[in-house]
Amino acid sequence: MQPVQAAPSIYSKVYKLLAKEEFINNAKLGKVLARKCTKCGHLHLATTYFCQNCGNKTFENAIIEGMGAIVTYTIITVPPEGYEKYVPYAWVVMKLDKTDLRISGFMGGIKSPADLPLGMKSKMTGYDERGIIIEKL
Amino acid sequence: MEKVCVIGAGSTKYGKLQDSITDIALQASVDALDSAGIEPKKIQAGYISNVFGIADKQVHLGPVIMSNLGIPEVPSLSIESACGSGSVSFREAYANVAAGFYDAVLATGVEKVTHTGTEWTTTYFSYCSDFFYEGGAGASFPGLFASIARAYLAEFKATEEDLAMVAVKNHDNGFLNPKAHLRKKITVDDVLKSAVVASPLKLYDCCPFSDGASAVILCNEKFAKDHSTNYIEVIGSGRGGSPAALQGREHITTIPSTKIAAHAAYKMAGVTPKDIDFAEVHDCFTIAELVDTEDLGFFEKGEAVEALRQGRTRLNGDIPINPSGGLKSKGHPIGATGIGQVVEVFDQLTGKAGERTVKEGKIGLTHNFGATGASCAVHIFKSV
């Protein structure tokens, strides 16, 4: 993994958590930092501190390619503050290939459901003031 | 454990209100005390649910309400659990009376946000999501439920017309409720032609942002018998949780916290979903009512749509859902909603629901959750 500068994001100010920064740095490279429980092998996103399956506290990092298929999404026309200039855009949930993990994020350039059939292959491409960025392949 | 009863209930009108957050909370509280026929001095604790008091420059509402009721020495607790604040607060009030700490308590829910405008509310409500993944990636609350809707429509062959029928039904009920925010009848066409907020949800699929306050008096059975002849009993109380973010859920069309809370409440009450005569459920968006009525066990997964089409959930159906008009038509002052549902059940079971009284209603259920169901409480009541 290439060294990446700490994320210049509002979240680094809110969450003083190393895991979050590391997660964001990976997201910028299109990768998902997951944590694999050393006891039962259950996978979580890096922001979990105890295993949701067995309660164990120790994990090893698992870097997963941010590739997957769209499970569901919406196209936002009435946005929260800061997103006005991106309207219309999609917020999507994507199931990552080869795991049971899902991740959600921002997808620009979606105007109607015809632009994004469910199951569409997609990829995480970065992280910025819009949050986790996901794009169609 | 003590048996817990509800002996009084009151509500302001829901809608765009002019009075301050403190004033409307007090109006509902005084109505509840009057309805119970007791004086404030009988109240031993206050449970105050509210989310955005900051919008009307008053947080720490408990002592302000208690002081204005003339009982500044009475302890209070302010509770925030997003849109589920009211039911979570009711549960804490219930648990404390059941445990024997208090004989009688006041639970008041209140919200005052409409003066802030749509952008403020859309933005601040998004803070109730798992913000890093959801609000912080551009998802509004309509957007999160729209994502549930798209998955549901695809999985169960339901249509946007079906969603619209939920809104039409709840507006029909709300039309009969003098306290409802959107007190007008609408058609499926009205819903389909309304502006898209977050596809596939349109404006009329969404509950309104409302101001309003609701309050109830809870007490033990002895207190109820000593002070009233027209009260109801709480026979089941359950709570549950879900992964905070939608992405953490294996099935996006099911809300785990509802199932957990309902299971606990049914078990405590010793009843099954078939025993419930009517229910007030969390229909913040039309899709939510379909998902709720399945998760509560009234219908099998995917079958709520057919039940809706057959009219089974209408006021004259075999399981009326949201006789008050629900969040959709009655309105959704988020800190008050969970308490408002109890007010409706109280009115239904004590003969005060007027034209919208359900036939042979003996056992009523309330279901209220926070965010996309990350937190949930279910309560079951019976007439005495």
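Since we're looking at a predicted model, the values are computed, not measured.

**Q** Requested: an account of the overall build of chain B, with residues and values cited.
**A** Helix and strand counts for chain B stand at 13 helices and 11 strands. Along the three orthogonal principal directions, the C-alpha set of chain B runs to about 55 × 45 × 35 Å. Put simply, chain B has 384 residues, and 66% of those count as buried.

**Q** Account for the pairing of strand E4 (residues 67-76) of chain A, with residues named and values stated.
**A** For E4 of chain A, a buried count of eight out of 10 residues is recorded, marking the element as mostly surrounded by other parts of the structure. Across three bridges, the pairing between E4 of chain A and strand E7 (residues 121-128) of chain A is antiparallel. Bridge assignment links Gly 68 of chain A to a residue of E7 of chain A, and that residue is Ser 122 of chain A. By the bridge criterion, two bridges tie E4 of chain A to strand E5 (residues 196-199) of chain B in an arrangement that is antiparallel. Residue pairing in the sheet places Ile 75 of chain A in a bridge with Ser 199 of chain B of E5 of chain B.

**Q** How would you explain the interface of chain A and chain B if you had to name every residue and give the values?
**A** Of the residues lining the interface, 27 residues belong to chain A; the matching set on chain B comes to 28 residues. Ranked by the residues each element gives to the side of chain A that touches chain B, the list is headed by E4 of chain A, at six residues. For the side of chain A that touches chain B, a count of residues per class yields 18 nonpolar, six polar and three charged.

**Q** Outline the confidence of the model for chain B, listing residues and values.
**A** In this model, chain B carries an average pLDDT of 97, and 100% of its residues clear a pLDDT of 70 or more. Among the prediction metrics, the complex's ipTM stands at 0.93, with pTM recorded as 0.95.

**Q** Could you give me a rundown of the sheet that holds strand E2 (residues 46-49) of chain B, with the residues and numbers involved?
**A** All names here are of chain B. Pairing in this open sheet of nine strands is mixed, and the strands run E3-E2-E4-E7-E1-E8-E11-E10-E9 from one edge to the other. Of all strands in the sheet, those with a lone pairing partner are strand E3 (76-79) and strand E9 (278-280), marking the two edges. Strand-to-strand twist in this sheet, taken as the mean axis angle between neighbours without regard to direction, amounts to 25 degrees. Across nine bridges, strand E8 (residues 232-241) lies against strand E11 (residues 375-383) in antiparallel orientation. Residue pairing for E11: Gly 241 is matched across the bridge by Ser 375. Sheet strands in contact with helix H9 (residues 256-269) are E8, strand E10 (363-370) and E11, and its direction is about 145 degrees off that of E8.

**Q** Describe helix H10 (residues 286-295) of chain B, naming the residues involved and giving the relevant values.
**A** All names here are of chain B. Most of H10 sits out of view: 10 of its 10 residues are buried. Restricting attention to buried positions, one finds in H10 the residues Thr 286, Ile 287, Ala 288, Glu 289, Leu 290, Val 291, Asp 292, Thr 293, Glu 294 and Asp 295. Looking at the buried side of H10, the elements it contacts are helix H5 (141-156), helix H6 (160-174), H9, helix H11 (304-309), helix H12 (326-329) and E10. Where H10 terminates, the next one or two residues include Gly 297, which has phi positive at roughly 90 degrees.

**Q** Give a detailed account of the nonpolar core, specifying residues and quantitative values.
**A** With 167 residues, the main nonpolar core has Val 6, Val 105, Phe 145, Val 216, Ile 217 and Leu 218 of chain B as its most contacted residues. If you tally residues by element for this core, the top one is H5 of chain B, at nine residues.

**Q** How would you summarise the packing of helix H3 (residues 85-98) of chain B against helix H13 (residues 337-349) of chain B if you had to cite specific residues and measurements?
**A** All names here are of chain B. In contact at an axis separation of 5 Å, H3 and H13 are set at 70 degrees when each is read in the N-to-C sense. Judged by the angle between their axes, H3 and H13 are roughly perpendicular. Along its contact with H3, which presents Ser 85, Gly 86, Ser 87, Val 88, Ser 89 and Phe 90, the element H13 presents Thr 337, Gly 338, Ile 339, Gly 340 and Val 342. Split into classes, the residues belonging to the contact of H3 with H13 amount to four nonpolar, seven polar and no charged.

**Q** Lay out the pairing of strand E8 (residues 131-136) of chain A with the relevant residues and their values.
**A** Here six bridges tie E7 of chain A to E8 of chain A, and the two strands are oriented antiparallel to one another. The partner of Tyr 127 of chain A across the bridge, within E8 of chain A, is Ile 132 of chain A.

**Q** Hey, could you go over the confidence of the model for chain A for me, with residue numbers and the actual values?
**A** The pLDDT averaged across chain A works out to 88; a share of 87% of its residues lies at or above 70. Here residues 1-16 of chain A is a poorly scored stretch, pLDDT under 50, and it has 21 contacts once near neighbours within four places are set aside; other chains count.

**Q** Describe in detail unusual backbone geometry, supporting the description with residues and values.
**A** With an omega of -10 degrees, the peptide bond between Val 87 of chain A and Pro 88 of chain A qualifies as cis. Relative to the elements of secondary structure, Pro 88 of chain A occurs in the loop between E4 and strand E5 (89-96). Going from Ser 199 of chain B to Pro 200 of chain B, the amide bond is cis rather than trans, its omega being 5 degrees. By secondary structure assignment, the location of Pro 200 of chain B is in the loop between E5 and strand E6 (201-202). In the Ramachandran plot, Ala 82 of chain B falls in the positive-phi region, its phi being about 50 degrees despite a non-glycine side chain. When you line up the elements, Ala 82 of chain B lands in the loop between E3 and H3.

Reading the values: the criteria
Residues numbered from 1 in each chain as written. Chains lettered and ligands numbered in written order. Predicted model: local features only at pLDDT ≥ 70, side-chain atom pairs only at ≥ 80, totals over all residues. Helix = DSSP H or I, 4+ residues; strand = E, 2+ residues; numbered from the N terminus. Buried ≥ 20, exposed ≤ 12 C-beta atoms within 10 Å, placed from the backbone. Pairing = 2+ DSSP bridges. Contact = placed C-beta atoms within 7 Å. Nonpolar A, V, L, I, M, F, W, Y, C, P; charged D, E, K, R; others polar. pLDDT = per-residue confidence, 0-100. Axes fitted to C-alpha atoms, helices over the stretch in contact; angles between N-to-C directions. Core = buried A, V, L, I, M, F, W, Y, C linked by C-beta atoms within 7 Å. Parallel < 35°, antiparallel > 145°, perpendicular 65-115°, else oblique.

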